[in-house]
Amino acid sequence: MRIRYHVAALALMGALTVSSVAVAAGPPPGAAPAIGAPLSTLLSRLADGHASSAALAGTSGALTLRVTDAGRVYVAPVLAELSGQVLSAAQTGHVPLSVTPPAPTAATVRPYLSGGGFSLGVWLQTWGPLILLTGLVGVSAAALRMAGGGRFRHRVRPVVSDTKFDDVAGIDEIRDDVAEISHVLAKPAVYRALGATVPKGVILHGPPGTGKTLLAKAVAGEAGVPFFSVSGSEFVEVYAGLGSKRIRALFAAARKAAPAVIYIDEIDAIGGRRTGHASSGEREQTLDQLLSEIDGFRTDPAKPVVVLASTNRIDDLDPALVRSGRFDRKIAVGLPDRRARREILDVHLRTRPVSKRADPDRVAAMTAGLAGADLAALCNEASFEAARAGDTQIDIGHFRKALLRLAGGPERRSRVLSREERRLVAYHEMGHALVGYMSPSCDPVERVTVIPQGHALGVTVALPTEDRFLATRTECMERLRMMLAGRAAEELVFGECTSGAGDDLKRAAVLARHMAGDLAMAEPRTDESLMVALPQADGDQSAHDVETAAQILVRTAFERAMDMLVCHRDLLENGAAMLLEHEALESEDLATLFGPRPGVSRLAPVSENA
Ligand code: ADP
Ligand code: ZN
């Protein structure tokens, strides 16, 4: 098992998908005709403060939301259960909302008549939430009026950032680049005197969780200037002209507060390549506005506004955005290497009691592939593990457990397996562990369990000890072998196989196809097998060849795993018995059980080997 997970960034706006039916309610007499709109759209226009007023009213059998925006009235039907969302959207956007609860007239009551009588219970269920709301809205609308809550203003309020470069670890390679930006902001006159033009736009690009937002905050924090932060996703799925209006408001506020930093997270949401489709007209309008703001804010060189933006898809950005004079500086923020991970861990362990036995270097070594945000989450989870265990200091065991928990979900000891199933799981996992242990280039096995965790009934966890940027053919084959060893153990011991190996087989197929197709590691090596097929050239034939070659790789690896298990059958039996008794075995237990692990010399020239 490899650990690779990322905290997904949820795009909050637009996450709400409320389907709406065609609008039935007609316009009030004398008013302009109302325009039907999806409820989700109206809710976002309320939440972002664009609408000028709103009204929620009951008509026969349904509630109708009317939103007035730029002189037009939009309507959508609302289920009574969703009236709370209307209220909170109006509160978020500081839009006055009036509510008219329906009177229990014959028309509204009739559908709920049961057995010929009027049922107050049903009536309350349907309209109760709305009536309660009326009181609440009255209060909040009054409070808002007193506070003078203007629309928009909350959106463009900057924060004072107290983040410093010291809080961002492992960025030695880009430290000078970002530090320069904050110097420019702090002392624009110095740069101007030397004729240096202040950078306008800087793109920070790299995988999620690598600290791009943190860096932007640190730039503002070090320079001591206001920090305006928005996310590109706030500009999508908005109505006519709203996106560009917001951009204008944002830059106007930043210029007023200048020198300042504007940070646009997920810029690809607005700055993606233009398609020319009518459907993306709104987004393009937003992008055009952004471009013209950037081109235009040459205004006062003594008070610069620097726009930092982040993306994890730099190649998808519209060329117009990254042209010189706009976002013409790009800073790559990559996944941290081992030393950087060590430094990031230090930052997050600064305020936590860590035992002397917990070597952060070891933690850094076993977290290859994790981003800074993952490491921050790991440190927090390790604190929890220590607290759960009633310890006062964080130890290496807590880190290990935290990693396992983050990678595979919490252990579920409450799920009870039958005796037979537990036995089968024990052999399956011990098969992985034993073959992994005996395969010198596999990552060392840290823990084997027969404790259900996430979707699995047991787990074998191997963690890396160093960062590897290349994978040798031997390493790929040994990894494949270890993946298939669970199934091999089932067949060897029970003469039967189970559905439990499904995931293993899928991952093995992916790896084998990758080896045979993209890496030209097929076996036996033929002249053709060195040639990576172009996807478009004779697609069927080359896909077929790759499939055949991948099958051979999988079969070879499976047979090799089976051989190893047959050869070490006694270790497999002892290991499974011990695992059944203790539920979980750690790396030290395995070392005692299996004896010394075969060593490996990786990538030594063949002549030296001889
Ligand atoms: P991104 O914007 O690249 O998705 P963030 O800046 O939002 O990532 O990172 C989320 C959190 O992860 C930060 O608030 C911080 O706690 C932690 N983090 C990420 N990278 C680093 C780093 N280089 N040094 C210290 N902490 C980091
Ligand atoms: Zn398995």
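Okay, so let's go over this structure. Here, residues in each chain are numbered from 1, in the same order as that chain's written sequence. The order in which chains are written sets their letters, starting at A; the order in which ligands are written sets their numbers, starting at 1. Selection of residues for local features in this predicted model requires a pLDDT of at least 70, selection of side-chain atom pairs for listing and counting requires 80 or more, and totals for whole chains, interfaces and linings are taken over all residues. Where side-chain values are given, they derive from all heavy atoms of the structure, hydrogens and water being excluded.

1. As for the coordination of the zinc ion (ligand 2)
Inference 1: Around the zinc ion (ligand 2), the protein supplies His428 (NE2), His432 (NE2) and Asp504 (OD) as donor atoms, at distances of 2.0 to 2.1 Å.
Inference 2: Within one chain, the residues serving as donors to the zinc ion (ligand 2) are arranged as H-x3-H-x71-D. Placement of the pair is histidine 428 and histidine 432 together in helix α15 (residues 419–438), with a separation of four residues, close to one helical turn. The pair histidine 428 / histidine 432 is uniform in exposure class, with both members buried. Shown as donors are all N, O and S atoms within 2.8 Å of a metal ion, widened to 3.2 Å for Na, K and Ca; because water is not in the atom set, sites may appear incomplete. Working definition: helices are DSSP H or I runs of at least four residues, strands are E runs of at least two. Numbering for both runs from the N terminus. A simple rule labels every residue: compare its accessible area, found with a 1.4 Å probe on the protein chains alone, to the largest value its type can have, and call it buried under 20%, exposed over 50%, or partly exposed in between.

2. Comments concerning the sheet that holds strand β12 (residues 459–462)
Inference 1: The strand order across the open sheet built from three strands is β12-β11-β13, with neighbouring strands paired in antiparallel fashion. The open sheet has two edge strands, β12 and β13 (584–586), and neither has a second partner. Sheet twist, expressed as the mean angle between neighbouring strand axes with direction ignored, is 10°.
Inference 2: Relative to β12, strand β11 (residues 445–449) runs antiparallel, the two being bridged by four bridges. By the bridge assignment, valine 448 is partnered in β12 with threonine 460. Here, any two strands with at least 2 DSSP bridges between them count as paired. Every axis corresponds to a line fitted to the C-alpha atoms, with the helix fit spanning only the stretch in contact, and the corresponding angles, defined between N-to-C directions, vary from 0 to 180 degrees.

3. Focus: the sheet that holds strand β8 (residues 260–265)
Inference 1: Reading across from one edge, β7-β8-β9-β6-β10 is the order of the five strands in this open sheet, with parallel pairing throughout. A strand with exactly one partner marks an edge of an open sheet, and here the two such strands are β7 (227–231) and β10 (329–332). When the angles between neighbouring strand axes are averaged without regard to direction, this sheet yields 20°.
Inference 2: The strands touched by helix α7 (residues 212–223) are β6 (201–205), β7, β8 and β9 (305–311); relative to β8, the strand with the most contacts, the crossing angle is about 170°. Contacts were defined at the residue level, with two residues in contact if any of their heavy atoms lie within 4.5 Å.

4. Regarding the site of ligand 1
Inference 1: Close to ligand 1 lie 15 residues, the nearest being Ala169, Gly209, Lys212, Thr213 and His348.
Inference 2: Any N or O atom pair separated by 3.5 Å or less is treated as a polar contact, with the protein-specific requirement of one donor-capable and one acceptor-capable atom, and with residues adjacent in sequence counted only for side-chain atom pairs. Threonine 210 is positioned with one of its backbone polar atoms (N or O) 3.2 Å from an oxygen atom of ligand 1.
Inference 3: Lysine 212 places a side-chain nitrogen or oxygen 2.8 Å from an oxygen atom of ligand 1.
Inference 4: In the complex, the protein chains occlude 78% of the 560 Å² of accessible area that ligand 1 would expose alone.
Inference 5: Mapped by element, the contributors of at least two residues to the shell around ligand 1 are α7, α11 (338–349) and α13 (372–388). When we say a residue is near a molecule or strand, we mean one of its heavy atoms is within 4 Å of it. Working definition of accessibility: Shrake-Rupley area with a 1.4 Å probe, residue cover restricted to the visible protein chains.

5. Examining the side chain of lysine 200
Inference 1: Its location among the elements puts lysine 200 in the loop between α6 (188–193) and β6.
Inference 2: When charges are counted, Lys and Arg contribute as positive and Asp and Glu as negative, whereas His and the chain ends are disregarded. Criterion for a salt bridge: a side-chain nitrogen of Lys or Arg within 4 Å of a carboxyl oxygen of Asp or Glu. Salt bridges are absent for the buried lysine 200, whose nearest opposite-charge side chain, aspartate 295, sits at 5.2 Å.
Inference 3: One polar contact links the side chain of lysine 200 to the main-chain carbonyl oxygen of isoleucine 294, over a distance of 3.2 Å.

6. Let's talk about helix α19 (residues 569–582)
Inference 1: Compared with an ideal rise of 1.5 Å per residue, which puts 14 residues at 20 Å, α19 spans 20 Å between its outermost C-alpha atoms and is within 8% of the ideal.
Inference 2: For α19, every residue scored as buried is listed here: Leu571, Leu572, Gly575, Ala576 and Leu579. Relative to the axis of α19, the buried residues are bounded by an arc of 130° and lie together on one face.
Inference 3: Glutamate 583 occupies a position one or two residues after α19 and carries a positive phi of about 70°. One less than the residue count of a helix, multiplied by 1.5 Å, gives the span that helix is expected to have. This arc describes the spread of directions from the helix axis toward the C-beta atoms.

7. A few points about α13
Inference 1: Counted at 1.5 Å a residue, the expected span for α13 with its 17 residues is 24 Å, and the 24 Å between its end C-alpha atoms agrees.
Inference 2: Buried positions along α13 lie against α11, α12 (360–365) and α14 (396–408).
Inference 3: Glycine 390 lies just past α13 and shows a positive phi near 75°.

8. Some points on the packing of aromatic side chains
Inference 1: Put simply, two rings from Phe, Tyr or Trp (the six-membered ring, in Trp's case) pair if the centres are within 6.5 Å, and we call them stacked under 30 degrees between planes, edge-to-face over 60, tilted for the rest. Scanning all chains against the criterion turns up three aromatic pairs.
Inference 2: An angle of 20° between the planes, with centres 6.1 Å apart, marks the rings of phenylalanine 227 and tyrosine 263 as stacked. Pair noted here: phenylalanine 227 is in strand β7 and tyrosine 263 is in strand β8, with a separation of 36 residues, a long-range link. The pair formed by phenylalanine 227 and tyrosine 263 is uniform in burial state, with each residue classed as buried.
Inference 3: Plain terms: the ring middles of tyrosine 427 and phenylalanine 494 are 5.6 Å apart, the flat faces sit at 85° to each other, and that makes the pair edge-to-face.

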